[in-house]
Amino acid sequence: MPVLTYKIQPDGLYLQMDQGLMALTPYTAHTIRVRYTLRNEFNDQPSLMVVATPDQNASFSVDETTDSLLFSTAAVKIAIDKQTAAFTYYDGQGAYLTREPAGGGKTLAPIDVLVSDFGASTVAEAGLSADGVRIEARNVRKRIDRQAYHTKLAFEWAPGEALYGLGSHEEGMLNLRGQHQYLYQQNMKAVVPVLVSTRGYAILLDSYSLMTFHDDAFGSYLWSDVDDEMDYYFVHGPEFDQMVHELRSLTGKAPMLPKWAFGYIQSKERYKTQAELIEIVREYRRRGLPLDCIVLDWMSWTGDLWGQKTLDPERFPDPQQMMHDLHALHARLMVSIWPIMRPGGSNWQEMQDRGFLLGNQATYNAFDENARALYWQQANDGLFAHGIDAWWCDCTEPFEADWNGAVKPEPEERLRINTEEAKRYLDPEFINAYSLLHCKGIYAGQRAVTEEKRVFNLTRSAYMGQQRYGAITWSGDIAATWETLHKQIAEGLNFCVTGSPYWTVDVGAFFVKNRPDLWFWRGDYDGGVDDLGYRELFVRWFQYATFLPMLRAHGADAPRELWRFGDAGDPMYETLAKFLRLRYRLIPYIYSLSGWTTHHDYTMLRLLAFDFRNDAHTYAIRDQFMFGPALLVSPVTQPMYYTTGSTPVAHADKTRSVYLPAGCDWWNFWSDERLAGGQSITAVADLETLPLFVRAGSIIPMAAPMQYVDEQADAVVELHIYPGCDGRFQLYEDAGDGYDYEHGAFSTIDMAWQEASGQFTIGQRAGSFSGMTARRQFRLIRHEQPQRRQRQTHDAHPLISYEGDQLVVEM
């Protein structure tokens, strides 16, 4: 594919190939858009994921040699072979990053795009699956709508290079080298088409069709099923945080979630009445167990009117009073809503009358702006107007087709049946984008109604750009096994590395029991909470989720309230309470991370390469992660006390191996033992202990015990200082809800520890907001190893009054 001619335009470099056109457009010095088409001009269709336009200050140059063109910005250089158009990528200093095969890396294969015609002979058949109502259209005819391309973008990845991303997938891969992955939406697959390399670059595919990733015997490439042209972004960091910044600058910043969203969210399948919801919250309050939200799962509607966005008046007789009672208990309500509606309800009738339903005459068309507006109007009138606080947009991949049968289909068969079902109702070019548009409608609708309540939308599917709509994704309806718990860790890390910051799980898994007739309903615990083996698994899952962006227990087959796992005084119950209270003590730390996420494009759930990219030992570690800059979390993913059927584990070694990354010392969070980095250790991991280590130089703000977020907004905040090197932390605060922060209504306090002098500085407060605590008390806690702590003669925990001016404390 020789380059025949080229033109340098104000917005980039344009290449005329012997077949087609190619364009390189700098969006910033670090981000280059690349397009390729076999047509005579590029597509002008707006992107669904990218909202940025090229920075006019992103200058570039083009140099020509006999064999190549060199496209350069301040941060990226791309050498283009004139004979093959193969790209080789370098950083701004000329250091090699990656390359395409010498013969060229870009392939377009013309295809006919088939779409469905739903004529008079089409009939709809309704059924109920474990994943809710499904209504399928039969006798559907296909027609050729247009021509497009299969696209293939090939690379030659380097030895020792690790690749991450592509979203959350049930297989639990971390480093994607030597693997393959299928990118389509399904109950336990949430796609984000971003690939991130430890060599300091990322690839974002602007595609919404089925895609595949390969680094195996078939080659090393990204392939898409239906695209009008090849369109991708090459992003250089080199650090992961820098790449995430570039990706969110392209696709949208993540707005603040309400502060209470970082507390505990209690859910199960399902609470059935207004009285039950309120009583569960009251029981949490009676027990002194912190709680901020309770969830109303599916079937809150009347009878069999699936997807109707109103509450059954017999079970929820007074929604206004229900919300008043919950809010009086300082609890919020999240309600499940669905994109599919069974015929017969008023919501369905409105959609049907206005032509807003897809071909099954049951699922609303989220790609239609007017249909999204009507969907929001229904949700507002039936639910939000009563005072509900958050959305659970379930089943946002509405056309999965493999959720049946006793035998799990092979991966290629699952790909076929799921994507064929989606293509029956959606344009094949956009089958991965339904959730993105669905979230857009909820966000735009709520923002138009009020600025006082932040959008909080828990959704099962994802796509790049969805982070700008107040969405958080969970990993789907998983089964209660130790293997599943282990896989979840890598799933979340690969999701968040893409720039999508908020991800969580069903603590304890959704399916607890085993149903031989359904391949996915394969939990190990038919005894539910009466099985001590399940109780142990739940405790370990809860410990892990304490350090996720969202802490939420949910599932079928067994209740999930914490007192179902033992009585007060029982080790299981007390361990759950211990970690729940720790979560709330960490709220100042967690909410600051959330502020950084919005204002600085931070990522709180971090695979180790975020912070230790130069330590290759971290690349393949699937079961450890950083929670913010300070905490190294190492979940326990095997039983140590009981297996299925409450069978005791004999001679269990109640420890686990932990790798402490090189480049810093580490403090044991529980014992204050200080250890050198760059080594593997054996850490205590009994039931009450999740191995947790703090990076030297960290500053961790911790709140007083509380029953709900901001119960004691004026209480003393402890500032835990872990010596070993200089350290910094920025404490972020705002009103906790509403969007005044978008207009500058927030405050930050920079804090710094100086190792050599032993000085701790609390900087001058920047900014303010309504309701801000102007005068604060901070207790400074400098951690010491136990033997040194015993010799201290000075006040190790001074209490400092702070009114916004800089303070320097000698410690």
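Everything that follows concerns the structure shown earlier in this document.
Quick caveat, the model's predicted, so the values are computed rather than measured.

## A word on the overall build of the protein
Point 1. Scanning the protein from terminus to terminus reveals twelve helices and 47 strands.
Point 2. The C-alpha radius of gyration computed for the protein amounts to 27 Å, which stays within 12% of the reference 28 Å derived for 811 residues, consistent with globular compactness.
Point 3. Expressed along its principal axes, the backbone C-alpha trace of the protein runs to roughly 80 × 65 × 55 Å.
Point 4. Within the protein, buried positions represent 63% of all 811 residues.
Point 5. Restricting to contacts in the protein with at least 6 residues of sequence separation, those with at least 24 account for 70%.
Point 6. For the protein, the accessible area works out to roughly 28,500 Å², and carbon and sulfur atoms hold 48% of it.
Point 7. Of the side chains in the protein, 74 bear a positive and 104 a negative charge, and the two mean positions are spaced by 2 Å.

## Overview of unusual backbone geometry
Point 1. In the segment running from glycine 237 into proline 238, the intervening peptide bond is cis, with an omega of 10 degrees.
Point 2. One can find proline 238 in the loop between strand 20 (230-236) and helix 1 (240-251).
Point 3. Along the chain, glutamate 269 connects to arginine 270 via a cis peptide bond; the corresponding omega equals 0 degrees.
Point 4. Within the fold, arginine 270 resides in the loop between strand 21 (264-266) and helix 2 (274-287).
Point 5. Phi angles above zero are rare outside glycine, and asparagine 139 is one such case at about 60 degrees.
Point 6. Relative to the elements of secondary structure, asparagine 139 occurs in the loop between strand 12 (132-138) and strand 13 (141-154).

## Topic: the pairing of strand 39 (residues 699-702)
Point 1. Judged by which residues are buried, strand 39 turns out to be covered on both faces: Ile699 and Pro701 on one side and Ile700 and Met702 on the other are all buried.
Point 2. By the bridge criterion, four bridges tie strand 39 to strand 40 (residues 717-721) in an arrangement that is antiparallel. Residue pairing in the sheet places isoleucine 699 in a bridge with isoleucine 721 of strand 40.

## Points about the pattern of salt bridges
Point 1. Scanning the model with the defined rule gives 51 salt bridges in all.
Point 2. In this structure, aspartate 601 engages lysine 253 in a salt bridge whose closest nitrogen and oxygen atoms are separated by 2.5 Å. Remark: lysine 253 occurs in the loop between helix 1 and strand 21 and aspartate 601 occurs in the loop between helix 11 (587-600) and strand 29 (605-606); sequence separation between them is 348 residues.
Point 3. Between lysine 487 and glutamate 483 there is a salt bridge; the shortest N-O distance is 3.2 Å. On the criterion of helical spacing, the pair formed by lysine 487 and glutamate 483 is a turn pair, its members being four residues apart in helix 8 (residues 482-496).
Point 4. With relative accessibility at 52%, the residue glutamate 483 sits in the exposed group.
Point 5. In this structure, a network of salt bridges that share partners links the residues Asp131, Arg134, Asp394, Glu397, Glu400, Arg460 and Asp477.

## Quick look at helix 7 (residues 434-449)
Point 1. The end-to-end C-alpha distance of helix 7 is 23 Å, a good match for the 22 Å that 16 residues give at a rise of 1.5 Å each.
Point 2. Counted residue by residue, helix 7 has twelve buried out of 16 residues, so it is predominantly covered.
Point 3. Listed in full, the buried residues belonging to helix 7 are Tyr434, Ser435, Leu436, Leu437, His438, Cys439, Gly441, Ile442, Tyr443, Gly445, Gln446 and Arg447.
Point 4. Tucked into the core, helix 7 has its buried residues touching strand 23 (332-337), helix 5 (369-382), strand 24 (390-393), strand 25 (457-459) and strand 26 (471-474).

## Remarks on the nonpolar core
Point 1. Judged by nonpolar contacts, the single largest core of 244 residues is most densely connected at Phe547 and Leu631.
Point 2. If near-sequence neighbours (up to four positions away) are discounted, leucine 631 is found in contact with Phe547, Leu586, Tyr589, Phe625, Met626, Phe669, Leu692, Phe693, Val694 and Ile700.
Point 3. Judged by nonpolar contacts, the second largest core, of 14 residues, contains Leu608, Ile621, Leu660 and Leu675.

## Digging into the sheet that holds strand 36 (residues 674-676)
Point 1. An order of 29-30-31-38-35-36 is seen for the six strands of this open sheet, with the pairing classed as antiparallel. Looking along the sheet, the strands with just one partner apiece sit at the ends: strand 29 and strand 36.

## Focus: the packing of aromatic side chains
Point 1. Applying the stated criterion across every chain yields a total of 61 aromatic pairs.
Point 2. The ring of phenylalanine 87 is capped by lysine 106, whose NZ or CZ atom sits 3.2 Å from the centre of that ring.
Point 3. In this structure, lysine 309 packs its charged tip against the face of tyrosine 375, placed 4.0 Å from the ring centre.

## Re the sheet that holds strand 18 (residues 211-216)
Point 1. Here we have five strands laid out as an open sheet, ordered 10-13-19-18-15, and antiparallel in their pairing. The sheet is open, and its two borders are formed by strand 10 (106-117) and strand 15 (180-183), each paired with just one other strand. On average, each strand axis in the sheet is inclined to that of its neighbour by 15 degrees, with strand direction left out of account.
Point 2. Direction of pairing for strand 15 relative to strand 18: antiparallel, over a ladder of four bridges. Counterpart to leucine 183 in the pairing with strand 18 is methionine 211.
Point 3. Strands in contact with helix 6 (residues 411-425) are strand 10, strand 13, strand 15 and strand 19 (219-227); relative to strand 15, the strand with the most contacts, it is inclined by about 20 degrees.

The rules behind these values
- Residues numbered from 1 in each chain as written.
- Predicted model: local features only at pLDDT ≥ 70, side-chain atom pairs only at ≥ 80, totals over all residues.
- Heavy atoms only, no water.
- Helix = DSSP H or I, 4+ residues; strand = E, 2+ residues; numbered from the N terminus.
- Rg over C-alpha atoms; globule rule 2.2 N^0.38 Å.
- Buried < 20%, exposed > 50% of the residue type's maximum accessible area, 1.4 Å probe, protein only.
- Contact = heavy atoms within 4.5 Å.
- Areas by Shrake-Rupley, 256 points an atom, 1.4 Å probe, with all protein chains shown as cover.
- Lys, Arg positive; Asp, Glu negative; His and termini not counted.
- Charge placed at Lys NZ, Arg CZ, Asp CG, Glu CD.
- Pairing = 2+ DSSP bridges.
- Salt bridge = Lys/Arg side-chain N within 4 Å of Asp/Glu carboxyl O.
- Expected span 1.5 Å × (residues − 1).
- Core = buried A, V, L, I, M, F, W, Y, C linked by side-chain atoms within 4.5 Å.
- Phe/Tyr/Trp six-rings, centres within 6.5 Å; stacked < 30°, edge-to-face > 60°.
- Lys NZ or Arg CZ within 6 Å of the ring centre and 35° of its normal.
- Axes fitted to C-alpha atoms, helices over the stretch in contact; angles between N-to-C directions.

The values reported here are purely geometric and, on their own, carry no functional implication.
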